[in-house]
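# Topology and contacts: notes
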Amino acid sequence: MSEQPSSACPAHVMRAAATKPAFPDLEGKHPCFSTTAEGHVKAARLHLPVSPACNIACAFCRRDFNRVEQRPGVAARLLSPDEAVATTERALRIVPNLAVVGIAGPGDPLASDHAIETFARINARWPELTLCVSTNGLMLPERIDELAAAGVTTLTVTVNSVDPKIQAVITPKIAWKRKRVNDEEAGRRLIDNQLAGIARAASLGLTIKINTVLIPSINDHHIGEVAETVAKAGARMINVIPLIPEHRLAHLKEPSFIERHKARAAAAKHLKVFTHCNRCRADAVGVPGLTDFTRDLYGDDIRAEPTFSHG
Ligand code: CLF
Ligand code: SF4
């Protein structure tokens with residue numbers, strides 16, 4: 001579903017999206033749902049790394065805990081829900097414009113119970129904070145009602161393909177109902193669950209963004225179809241994230257400027273395109289790309305350099 005006339009030049013569509021708030025209620029209050037440059041820098045987010053496990057295996061992802069690497073799936077720390085609540089309390093004293101608490105990994109927030117428990121406790125104590133989650137969507141149909149009940153209002157689902165054949169290359173295996181599912185069957189299950197979860201989330205009133213990792217030679221020709229399909233399911237915005245070549249896709253190149261532009265133009269025919277993404281870590285603190293309170297909050301020397309998380 002496009003809010004723009006289909007004849008509009010996609011580059012103009014994207015520029016318009018960058019100057020006009022797409023979500024007036026969130027503009028200036030959520031860095032990733034603010035669509036003006038001014039709005040994006042007003043509010044800070046705290047990512048709580050409470051979710052270590054994942055239930056799917058993306059070919060570009062290798063998760064790890066260490067203090068030096070800045071790359072997909074790495075976090076410097078893992079917090080329990082108790083520690084996450086204490087961290088939020090500290091962050092509210094340290095980060096002046098903290099408005100959003102997000103959980104984006106380092107694994108999948110719905111692969112274990114920690115994220116939902118953390119959200120519920122934070123919502124009970126600080127109902128004024130916007131709660132945000134980013135998931136691969138496999139467990140979304142089962143858990144979206146719990147997320148909404150725990151106070152989550154903004155949702156990101158990483159949808160890299162809506163074609164099971166393509167998805168089988170990106171995510172060759174998943175864990176579903178305690179069994180391993182492979183290849184196209186895995187792709188079909190993941191996509192079906194993502195779309196059903198998005199539709200349910202939209203009906204519950206959540207504001208939904210899609211993250212799509214742009215992978216040259218694998219899904220670069222397919223971004224418009226992804227945007228069209230998720231828009232029909234109820235998503236409101238899309239964030240096309242250039243691949244950081246890692247793990248089994250380390251042999252690929254990062255998408256060029258032209259490739260990124262083409263993919264975003266294809267997506268812009270169907271959805272608002274988010275253009276300020278900083279590919280945040282799962283333990284980032286501050287305004288993405290502008291401020292970093294990691295050292296102040298955790299008292300260590302880790303700097304939150306941009307890297308990939310679900311975002
Ligand atoms: Fe975090 Fe993601 Fe919520 Fe934002 S990040 S869970 S939606 S509060 Fe934002 Fe960072 Fe890009 Fe994500 S800039 S990676 S889009
Ligand atoms: Fe899991 Fe996210 Fe890594 Fe994919 S990118 S394997 S969903 S943690």
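Residues numbered from 1 in each chain as written. Chains lettered and ligands numbered in written order. Predicted model: local features only at pLDDT ≥ 70, side-chain atom pairs only at ≥ 80, totals over all residues. Heavy atoms only, no water.

A few words now on the packing of helix H5 (residues 140-149) against helix H7 (residues 183-203). Two numbers describe how H5 lies on H7: the axes approach to 8 Å, and their chain directions differ by 25 degrees. Comparing their axes, H7 and H5 come out roughly parallel. For H5 against H7, the interelement crossing comes out right-handed. Contact residues: Leu-140, Pro-141, Ile-144 and Asp-145 in H5; Asn-193, Ala-196, Gly-197, Ile-198, Arg-200 and Ala-201 in H7. Partitioned by chemical class, the residues of the contact of H5 with H7 number six nonpolar, two polar and two charged. (Axes fitted to C-alpha atoms, helices over the stretch in contact; angles between N-to-C directions. Helix = DSSP H or I, 4+ residues; strand = E, 2+ residues; numbered from the N terminus. Parallel < 35°, antiparallel > 145°, perpendicular 65-115°, else oblique. Left-handed = near helix turned anticlockwise from the far one by under 90°. Contact = heavy atoms within 4.5 Å. Nonpolar A, V, L, I, M, F, W, Y, C, P; charged D, E, K, R; others polar.)

Moving on: the sheet that holds strand S9 (residues 179-182). Ordered by their spatial adjacency, three strands build an open sheet running S2-S8-S9, and the pairing between neighbours is antiparallel. Looking at which strands have only one partner, the edges of the open sheet turn out to be strand S2 (56-57) and S9. Note that S2 and strand S8 (residues 173-176) share two bridges and pair antiparallel. Following the sheet pairing, Ala-57 is matched in S8 by Lys-173. Packing of H7 onto the sheet brings it into contact with S2, S8 and S9, and relative to S9 it is tilted by some 105 degrees. (Pairing = 2+ DSSP bridges.)

On to the pairing of strand S11 (residues 237-242), then. Among the six residues that make up S11, six are buried, leaving the element largely enclosed by the rest of the structure. Residues Met-237, Asn-239 and Ile-241 line one face of S11 and the alternating positions Ile-238, Val-240 and Pro-242 line the opposite face, and both faces are buried. Note: strand S10 (residues 207-214) against S11, six bridges, orientation parallel. Residue Ile-210 lies in a different strand from S11, and its bridge partner there is Ile-238. Handedness of the crossover is the feature at issue here: the chain leaves S10, passes through helix H8 (residues 223-233), returns alongside S11, and the resulting connection is right-handed. (Buried < 20%, exposed > 50% of the residue type's maximum accessible area, 1.4 Å probe, protein only. Right-handed = clockwise from strand over helix to strand, strands pointing away.)

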